[in-house]
Amino acid sequence: MLASAQAEAAAKNDVFVAAAESDFRFVHLWLESSLPLDPRDDKQKTPLMAAAHAGATYMCALLVAKGADVRLQDRDGWTCLHHAADAGHDKTVDYLCSRLPLLDPMHPNTLDAQALTNGFTALHITAFHDSRKIAASLLDAGASVGVRSTDGKTPLMLANKRGSNRLIAAVADKGKHDKRHPTTASDVPVNNRFNVRV
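Residues numbered from 1 in each chain as written. Predicted model: local features only at pLDDT ≥ 70, side-chain atom pairs only at ≥ 80, totals over all residues. Heavy atoms only, no water.

This part covers the overall build of the protein chain. In terms of regular secondary structure, the protein chain is built from 10 helices and two strands. Its helices and strands taken in sequence order, the protein chain reads α-α-α-α-α-α-α-α-α-α-β-β from the N to the C terminus. By residue count, 43% of the 198 residues in the protein chain fall in the buried class. For the protein chain, the proportion of contacts with a sequence separation of at least 24, taken over those separated by at least 6, is 68%. (Helix = DSSP H or I, 4+ residues; strand = E, 2+ residues; numbered from the N terminus. Buried < 20%, exposed > 50% of the residue type's maximum accessible area, 1.4 Å probe, protein only. Contact = heavy atoms within 4.5 Å.)

Okay, here's the thing in structure tokens:
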């Protein structure tokens, strides 16, 4: 019994590495066993989060197809989408954005899941890193520009503060007006370069 528990613990640790390194052979063996699909590590991350952070898009697709929960949050409140956006993996973000609404039609705001530590959404993280391509993907999928972090900043306010003109340009290019989380003229300054409220 002890040997079986030790083997399961070792396999649990290995599945995170296998997911991040796109070791399909190991992950297929894992999936065929009776082990849980969404095990948690010491930071409450799942194999799907490890794959998303590593930019292993095909591994993410396999895990999602087998039923991995894209809505799960780690101990900081980050989802797999937060991890992919933080690491700058645009193809993985595109894939996850394409799957989120299909997997969770009753909760379309899954794109706007907020971290427990600071209230950041994936779009906040994108604003922080100034990634226009990822911002465009998130905006096209319906991410909100009006969600406020715990310190009251929207992704646009954060982009303006950090000088992240790529995100501001992405919003201007898409002409987004967020009706779910509106901002008023008194809430935010105008960025004259793009003539949008930030």
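Resuming the write-up.
Moving on to the confidence of the model for the protein chain. Residues of the protein chain with pLDDT of at least 70 account for 74%, and the chain-wide mean is 81. Scored below 50 in pLDDT, residues 180-198 makes 41 contacts in the model with residues more than four places away or belonging to other chains. (pLDDT = per-residue confidence, 0-100.)

With that settled, the discussion passes to helix α9 (residues 155-162). For an α-helix, the turn length of 3.6 residues means that residues three or four places apart are oriented alike. Taken residue by residue, α9 has P155, L156, M157, L158 and A159 as its buried positions. Two residues or fewer after α9 comes G163, characterised by a positive phi angle close to 75°.

A few words on the packing of aromatic side chains. In this structure the tally under the stated criterion is zero aromatic pairs. In this structure, R162 packs its charged tip against the face of F128, placed 3.7 Å from the ring centre. (Phe/Tyr/Trp six-rings, centres within 6.5 Å; stacked < 30°, edge-to-face > 60°. Lys NZ or Arg CZ within 6 Å of the ring centre and 35° of its normal.)

Further remarks concern the pattern of salt bridges. As enumerated under the stated definition, the model contains three salt bridges in all. Where K133 meets D90, a salt bridge forms, and the shortest distance between an N and an O atom there is 3.0 Å. Placement of K133 in helix α8 (residues 132-141) and of D90 in helix α6 (residues 90-103) is noted, with a sequence separation of 43 residues between them. K133 gets classed as exposed once you look at its relative accessible area, which sits at 52%. Here D151 and K153 are joined by a salt bridge, their closest N and O atoms 3.6 Å apart. You can call K153 partly exposed: its relative accessible area is 21%. (Salt bridge = Lys/Arg side-chain N within 4 Å of Asp/Glu carboxyl O.)

For the rest of this paragraph, the subject is the side chain of S144. Considering the arrangement of structural elements, one finds S144 in the loop between α8 and α9. Polar side-chain contacts of S144 include one of 3.1 Å to the backbone nitrogen of G146. (Polar contact = N/O pair within 3.5 Å; in protein donor to acceptor, adjacent residues only side chain to side chain.)

Soluble, globular proteins show a tendency: their nonpolar side chains are buried together. If you look at the biggest cluster of nonpolar residues, it comprises 43 residues, and the most contacted ones within it are L48, M59, L63, L81, V93, L123 and L138. Not counting residues up to four positions away in its chain, the partners in contact with L81 are V93, L96, C97, L100, L111, A122 and L138. (Core = buried A, V, L, I, M, F, W, Y, C linked by side-chain atoms within 4.5 Å.)

Close contact between helix α5 (residues 80-87) and helix α7 (residues 122-129) brings their axes to 9 Å; oriented N to C, the two are set at 10°. In terms of orientation, α5 and α7 fall into the roughly parallel class. The segment α5 lies against α7, with L81, H82, A85 and D86 engaging A122, I125, T126 and H129. Its residues assigned to classes, the contact of α5 with α7 comprises four nonpolar, three polar and one charged. (Axes fitted to C-alpha atoms, helices over the stretch in contact; angles between N-to-C directions. Parallel < 35°, antiparallel > 145°, perpendicular 65-115°, else oblique. Nonpolar A, V, L, I, M, F, W, Y, C, P; charged D, E, K, R; others polar.)

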